[in-house]
Protein chains: 2
Amino acid sequence: MNYELLLREHSLKATPQRVGILSLMQKSGHLDVEELFIKIKKQFSTISLATLYKNINAMMEKSLITEIKIPNKKSKYEIAKEPHIHLLCQECNEFIDLKLDVGCLVNEAAKESHYRLKESSIVLSGVCEKCQKK
Amino acid sequence: MNYELLLREHSLKATPQRVGILSLMQKSGHLDVEELFIKIKKQFSTISLATLYKNINAMMEKSLITEIKIPNKKSKYEIAKEPHIHLLCQECNEFIDLKLDVGCLVNEAAKESHYRLKESSIVLSGVCEKCQKK
DNA sequence: TACTTAAAGAGAATAATTATCCTTTAAGCT
DNA sequence: AGCTTAAAGGATAATTATTCTCTTTAAGTA
């Protein structure tokens, strides 16, 4: 994935710090601010926490990344992509994406409420397959 | 609604402050911490913000209330009830409950992922009927 | 009514996030 | 490639959000 290009397409300067943040989001899955900071410091030892926050906010404003708010947990971030839902294992804290068509639910909600719906934030929690076997 | 009873059923002391907080959550809809504090101070002028936080946390631990995490907004709180979803109007900030069967979506997600699912947090955002007409 | 213990209230302490200021750098233009 | 400039980085202060500590008060119970 070409993060420089992706950043420029969103009218953001392609700094090495930003590229590093994006590649961490891609590679390491769903990280919170603290986890991101620990990892990004291994690449840029002098990076400031303020820089991380500023970049997260800048990239969110341009809808390049998305914040996922999770019950009882710190927010995580991911590179924006097609709509999908999230699953959390309450035992091992595994947190995964699931591509699932939410159109049906959204249509139903729109019908009932007369809202014109644009975004969905769906987090389902339970026990993953591995933890069920323990 | 008898909040004293509700509190005692959840092994919590039924203090007037707690009853006040619960009745605000019921009456005034979905409030965030700051809004709750402003309103509760009208009833208990000396109430401390720490008391509010402590009570929110205590009632959440006993599952008497629920925190709703909303993209780009502060968390709101509500008295726990049967599963439902939330709709947010991005224009006027109306925030409402919608009773909608999510069983289908959850079953589908469980089938795909092999998770045993227990909780769902669903917030859909868009434009409410009134704002569409503007 | 008195006892016990959890909760309230006040303020300090900590954590999380944002703002400020100055330096550095990416990107567009010769 | 070098020049210009607006944007971004880094350090730190400031602000905001939340939790902790300690003393006082009051709810639940015998």
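Everything quoted here is computed from the prediction, not taken from an experiment.

Trainee: If you had to explain the protein's contact with DNA strand C to someone new, which residues and values would you point to?
Mentor: Residues in close proximity to DNA strand C total 21 residues, the closest being Arg-8 and Tyr-53 of chain A together with Thr-15, Gln-17 and Thr-46 of chain B. Each atom of DNA strand C within 4 Å of the protein belongs either to a base or to sugar and phosphate, the latter forming 71%. Between DNA strand C and Asn-57 of chain A there is a distance of 3.1 Å, counted from a phosphate oxygen to a side-chain nitrogen or oxygen. With respect to DNA strand C, the side chain of Gln-17 of chain B contributes an N or O atom lying 2.8 Å from a sugar or linking oxygen.

Trainee: Lay out the protein's contact with DNA strand D in plain terms, naming residues and giving numbers.
Mentor: In the neighbourhood of DNA strand D, 21 residues make up the surrounding shell, with Thr-15, Arg-18 and Lys-54 of chain A together with Arg-8 and Tyr-53 of chain B lying closest. Sugar and phosphate atoms form 73% of the subset of DNA strand D atoms that lie within 4 Å of the protein. Arg-18 of chain A is positioned with one of its side-chain polar atoms (N or O) 2.9 Å from a phosphate oxygen of DNA strand D. One of the side-chain N or O atoms of Lys-54 of chain A is found 3.0 Å from a base oxygen in DNA strand D.

Trainee: Residue-level account of the sheet that holds strand 5 (residues 116–127) of chain B, with values.
Mentor: Spatially, 4(A)-3(A)-5(A)-5(B)-3(B)-4(B) is the arrangement adopted by the six strands of the open sheet, whose pairing is mixed. Each edge of the open sheet is held by one strand with a lone partner, namely strand 4 (95–98) of chain A together with strand 4 (95–98) of chain B. Each neighbouring strand pair of the sheet contributes to a mean axis angle of 20 degrees, computed without reference to strand direction. As paired elements, strand 3 (residues 85–89) of chain B and strand 5 of chain B share four bridges and run parallel to each other. Among the inter-strand pairings, Leu-87 of chain B is bridged to a residue of strand 5 of chain B, identified as Leu-124 of chain B. Across the sheet, helix 5 (residues 103–113) of chain A touches strand 5 (116–127) of chain A together with strand 3, strand 4 and strand 5 of chain B, and the angle it forms with strand 5 of chain A is around 125 degrees. Relative to strand 5 of chain B, helix 5 (residues 103–113) of chain B is tilted by about 125 degrees, and along the sheet it contacts strand 3 (85–89), strand 4 and strand 5 of chain A together with strand 5 of chain B.

Trainee: Can you tell me about the packing of helix 2 (residues 16–27) of chain A against helix 3 (residues 33–43) of chain A, naming the residues and giving the values?
Mentor: Residue and element names in this part refer to chain A. Between helix 2 and helix 3, the least distance of the axes is 10 Å, while the angle of their chain directions is 125 degrees. In terms of their interaxial angle, helix 2 and helix 3 are classed as oblique. Both helix 2 and helix 3 take part in a crossing whose hand is right-handed. Contact residues: helix 2 offers Gln-17, Gly-20, Ile-21, Leu-24 and Met-25, while helix 3 offers Leu-36, Lys-39, Ile-40 and Gln-43. Of the residues belonging to the contact of helix 2 with helix 3, the class tally is five nonpolar, three polar and one charged.

Trainee: Could you give an account of the domain arrangement of chain A, naming the residues involved and the relevant values?
Mentor: Residues and elements named next belong to chain A. With domains assigned, chain A is organised as domain 1 (3–79) and domain 2 (85–133). Placing a centre on the C-alpha atoms of domain 1 and another on those of domain 2 gives a separation of 23 Å. Contact with domain 1, which involves eight residues of that partner, is made by seven residues of domain 2. Taken together, both faces of the contact between domain 1 and domain 2 bury some 610 Å²; the carbon and sulfur share is 65%. Counting every contact that joins domain 1 to domain 2 gives zero salt bridges. At the boundary of domain 1 and domain 2, one finds four residue pairs in polar contact (both at pLDDT 80 or more). For the side of domain 1 that touches domain 2, a count of residues per class yields three nonpolar, one polar and four charged.

Trainee: Describe the packing of helix 2 (residues 16–27) of chain B against helix 4 (residues 49–61) of chain B, with residues and values.
Mentor: Residue and element names in this part refer to chain B. Relative to each other, helix 2 and helix 4 sit at 75 degrees, their axes nearing to 11 Å. Considered as vectors, helix 2 and helix 4 are oriented roughly perpendicular to each other. Together, Gln-17, Arg-18, Ile-21 and Leu-22 of helix 2 and Leu-52, Asn-55, Ala-58 and Met-59 of helix 4 make up the contact between the two elements.

Trainee: So what about the interface of chain A and chain B? Which residues, and what values?
Mentor: How big an interface is tends to be stated in terms of the accessible area lost upon association of its parts. Contact residues are listed per partner, giving 39 residues for chain A and 39 residues for chain B. Sorting the residues of chain A by area buried against chain B places Lys-69, Leu-105 and Tyr-115 of chain A first, and these three jointly supply 21% of that buried surface. Along the contact surface separating chain A from chain B lie zero salt bridges. At the level of elements, strand 3, strand 4, helix 5, strand 5 and helix 6 (129–133) of chain A are the ones that each hand at least two residues to the side of chain A that touches chain B. Here the side of chain A that touches chain B gets twelve residues from one element, more than from any other, and that element is strand 5 of chain A. Of the residues belonging to the side of chain A that touches chain B, the class tally is 20 nonpolar, nine polar and ten charged.

Calculation criteria
- Residues numbered from 1 in each chain as written.
- Chains lettered and ligands numbered in written order.
- Predicted model: local features only at pLDDT ≥ 70, side-chain atom pairs only at ≥ 80, totals over all residues.
- Heavy atoms only, no water.
- Near = heavy atom within 4 Å.
- Polar contact = N/O pair within 3.5 Å; in protein donor to acceptor, adjacent residues only side chain to side chain.
- Pairing = 2+ DSSP bridges.
- Helix = DSSP H or I, 4+ residues; strand = E, 2+ residues; numbered from the N terminus.
- Axes fitted to C-alpha atoms, helices over the stretch in contact; angles between N-to-C directions.
- Contact = heavy atoms within 4.5 Å.
- Parallel < 35°, antiparallel > 145°, perpendicular 65-115°, else oblique.
- Left-handed = near helix turned anticlockwise from the far one by under 90°.
- Nonpolar A, V, L, I, M, F, W, Y, C, P; charged D, E, K, R; others polar.
- Domains from an automatic or database assignment.
- Buried area = accessible area lost by both parts, 1.4 Å probe.
- Salt bridge = Lys/Arg side-chain N within 4 Å of Asp/Glu carboxyl O.

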